[in-house]
Amino acid sequence: MSSEQSKNQTEQNVETAESVEQAAQAQEQAGVEPEVITAEEAAEMDNAELASAHARISELESQLEAANQKVQDQKDSVVRAQAEVENIRRRSAQDVEKAHKFALEKFVNELLPVIDNLERALGAVDQENETIKPMIEGVELTLKSFLSVVEKFGVQEVNPEGQPFDPAKHQAMGMQESEEVAPNTVLAVMQKGYELNGRLIRPAMVMIAKAKA
C-alpha cells in the first residue's frame, strides 16, 4: 500500500471512530445503554453500504443500456418502415404511369391494320392518273390524319430502311445479296413497325442485305 493510500485509510478510520464516539455520547445523554461498535465493525458496515450502492448503480446502468438499445431498435424499425412505404409509393406511381402510357396498346394494335391498308392502297394506285387523283388525295389526307392522331398518344412508326438491322425492333423476312450497302443493312421494309411511348408494339418486317458469295 502506498503512503497516500495509508493516509486515506487512516483518515477514514479516524472519521469512523469519531462517528462511533458521537453515537455513544448521544445514547448516554438519552439514558440508553450504549451499544459498543468497534471501528472495524463500522468500517465493515460502510463497506457493505458502498457495495450495495455500487450494485444498485450497476443495475441501473444495465437498465439504462437496455432502454437505450430498445430505443435504437425502435428507431431502426421506424426508418425501415419509412423506407418500405417510400418504395411502395414509388412502385405504385410507376405502375400508374405505365398504366397511363400503355392503356391504349390494344386499341392502337387494332388501328395499325387500317394504316397498313391505306398505305397499300396508295402504293397500288397509279399516281399519274388524273381521273383518280381526287381519290388519291383523299386517301393521303386520311392517312396523314390517322398518323397525326396516333402520334399525339405516343405512337411512332419504325421505318428502318437503309439502317443497320436491329433484332430488338426488326423482324427479318429474308436476306438478299447487295454490293450497294454494307452487310446486315435493311434493304427494304415490307411492313412498318410501331412503338408506343418507347415500347415496341409491332416489329418492322424487313429484308436484310448480305455480302455476295
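A quick note: this is a predicted structure, and the numbers were derived from the prediction, not measured.

Draft legend 1. Representation of the overall build of the protein chain. Counting its secondary structure elements, the protein chain contains 4 helices and 6 strands. Each helix and strand of the protein chain, placed in order from N terminus to C terminus, yields the pattern α-α-α-α-β-β-β-β-β-β. When the 213 residues of the protein chain are sorted by exposure, 17% land in the buried category. By sequence separation, contacts in the protein chain at least 24 residues apart represent 62% of the contacts at least 6 residues apart. As displayed, the protein chain has an accessible area near 15,700 Å², and 53% of this comes from carbon and sulfur atoms.

Draft legend 2. Representation of the side chain of Arg202. Assignment of secondary structure puts Arg202 in strand 5 (residues 199-202). Ignoring anything within four residues of it in the chain, the contact list for Arg202 reads Leu112, Asp116, Gln191, Lys192, Gly193 and Tyr194.

Draft legend 3. Structural context of the pattern of salt bridges. Counted according to the given criterion, the structure contains 8 salt bridges. A salt bridge links Glu59 to Arg56, with the nearest nitrogen and oxygen atoms 3.3 Å apart. Of this pair, Glu59 and Arg56 both sit in helix 2 (residues 39-102), 3 residues apart, which is roughly one turn of the helix. By relative accessible area, which is 40% here, Glu59 ends up partly exposed. Residue classification places Arg56 among the partly exposed residues on the basis of a relative accessible area of 43%. Two residues, Glu195 and Lys169, come together in a salt bridge whose shortest N-O distance is 3.1 Å. One end of the pair, Glu195, is in strand 4 (residues 193-196); the other, Lys169, is in the loop between strand 1 (155-158) and strand 2 (170-177), and 26 residues separate them in sequence. Through salt bridges with shared partners, one network takes in Glu119, Glu157 and Lys192.

Draft legend 4. Representation of the environment of Phe102 in the model. With respect to the element layout, Phe102 can be found in helix 2. Sequence separation between Phe102 and Arg199 is 97 residues, and the spatial gap between their C-alpha atoms is 8.7 Å. For Phe102, the contacting residues outside a window of four places in its chain are Leu196, Asn197 and Arg199.

Conventions and cut-offs
- Residues numbered from 1 in each chain as written.
- Predicted model: local features only at pLDDT ≥ 70, side-chain atom pairs only at ≥ 80, totals over all residues.
- Heavy atoms only, no water.
- Helix = DSSP H or I, 4+ residues; strand = E, 2+ residues; numbered from the N terminus.
- Buried < 20%, exposed > 50% of the residue type's maximum accessible area, 1.4 Å probe, protein only.
- Contact = heavy atoms within 4.5 Å.
- Areas by Shrake-Rupley, 256 points an atom, 1.4 Å probe, with all protein chains shown as cover.
- Salt bridge = Lys/Arg side-chain N within 4 Å of Asp/Glu carboxyl O.

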